[in-house]
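What the coordinates show
Here's the letter readout for the chains.
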Amino acid sequence: MTSIITGDIINSKKSSPKLWLQALKTILNNYGNSPLTWEIYRGDSFQLEIDPKNALKACVLIKATIKQFENIDVRLAIGIGDKTYKSDKITESNGSAFVNSGECFESLKKTTLAIKSPFDEFDTTINIMLELAQLIINNWTSTSAILVKTTLENPDLNQNQLAEILDRTQGNISQGLKRAGYDEISKLLHYYKSQIQHLC
């Protein structure tokens, strides 16, 4: 089992790629090398192969990375399944994970994050949870996005240490994480991971 994340930048023409492109590449690089594990194509679209249990956290991290820049957002579809053909380029590989990711991506209308896996019951539940989570995520300010990104990237740091990195007070960090719905999102990530480990 593997998972494929298909994404594209919303309103990419309203923002200079110079701003977000390097930030996106830095995040994708955490998961492997291009073009074998990830690839950016058509200027503002990308694909990433990742272990299914880490896919949702990667999506939230990509969201936080992109939403730190004004006027843009990112659409993300997670496809879970197998990989039956392996190419040197991720965009040329194939299997049900790729098909599921592509179909899920095509069906994104009002929502900007969804999952399609071989497990229908799991998909129904998790996609409702993701729609609810997006009520918070879609309203992240640039400051909230940076805070969530830094917290996700440094899970071992406490609020005082995060405050030092971001040059803010511990009280600011505490309030900011509350506003960003960080605790609730952490619970969602934990639920997703435990379900996937069980299913896969």
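Quantities reported herein were computed from a predicted structural model and do not represent experimental measurements.

Taken as a whole and judged by the stated rule, the model has one aromatic pair. Seen from their ring centres, F122 and Y192 are 6.1 Å apart, and the 40° between their planes marks the pair as tilted. Here F122 is found in helix α4 (residues 120-137), whereas its partner Y192 is found in helix α8 (residues 182-199), with 70 residues between them in sequence.

Given a rise of 1.5 Å per residue, 18 residues ought to cover 26 Å, and the 26 Å separating the end C-alpha atoms of α8 matches this to within 8%. Those residues of α8 that sit buried are Y182, I185, L188, L189, Y192 and I196. Buried residues of α8, seen end-on, are gathered within an arc of 120° and therefore sit on one face of the element. Facing away from the buried side of α8 by over 90 degrees, the exposed positions are D183, K187, H190 and H198.

This next bit is on the nonpolar core. Judged by nonpolar contacts, the single largest core of 49 residues is most densely connected at I5, I62 and Y192. With nine residues, the single largest contributor to this core is helix α2 (residues 55-67). Excluding residues within four positions of it along the chain, I62 makes contact with L24, I27, L28, F46, V74 and L76. The next biggest cluster of nonpolar side chains, apart from the first, holds five residues, and it includes A77, C104, F105 and L108.

Turning our eyes to something else, we now look at the packing of helix α6 (residues 159-166) against helix α7 (residues 170-179). Their axes nearest at 8 Å, the elements α6 and α7 cross at an angle of 100°. Between α6 and α7, the crossing angle belongs to the class labelled roughly perpendicular. Across the interface between the two elements, Q159, N160, L162, A163 and L166 from α6 touch Q170, I173, S174 and L177 from α7. Partitioned by chemical class, the residues of the contact of α6 with α7 number five nonpolar, four polar and no charged.

Calculation criteria
Counting of residues starts from 1 at the beginning of each chain's written sequence and follows it residue by residue. In view of the model being predicted, local features appear only for residues whose pLDDT reaches at least 70, and side-chain atom pairs are presented and counted only at 80 or more, with totals across whole chains, interfaces and linings using the full set of residues. Hydrogens and water molecules were not included; the side-chain quantities draw on all heavy atoms of the structure. Two rings from Phe, Tyr or Trp (for Trp, the six-membered ring) form a pair when their centres sit within 6.5 Å of each other. Planes less than 30 degrees apart are called stacked, planes more than 60 degrees apart edge-to-face, and all others tilted. Each helix is a run of H or I in the DSSP string that is no shorter than four residues. Each strand is a run of E no shorter than two, and both are numbered from the N terminus. How far a helix is expected to stretch is found by multiplying one less than its residue total by 1.5 Å. Accessibility here uses a 1.4 Å probe with only protein chains present; expressed as a share of the type maximum, an area under 20% marks a residue as buried, one over 50% as exposed, and anything in between as partly exposed. Arc, as used here, means the arc of the directions from the helix axis to the C-beta atoms. Only buried residues count toward a nonpolar core. Its members are Ala, Val, Leu, Ile, Met, Phe, Trp, Tyr and Cys residues joined through side-chain atoms within 4.5 Å. Working rule for contacts: check all heavy atoms of both residues, and any pair within 4.5 Å makes them a contact. Note on geometry: axes are C-alpha line fits, over the in-contact stretch for helices, and angles between N-to-C directions span 0 to 180 degrees. Every angle not falling under 35 degrees, over 145, or within 65 to 115 is termed oblique; those three ranges are roughly parallel, roughly antiparallel and roughly perpendicular. When residues are grouped by polarity, Ala, Val, Leu, Ile, Met, Phe, Trp, Tyr, Cys and Pro land in nonpolar, Asp, Glu, Lys and Arg in charged, and all others, Gly among them, in polar.

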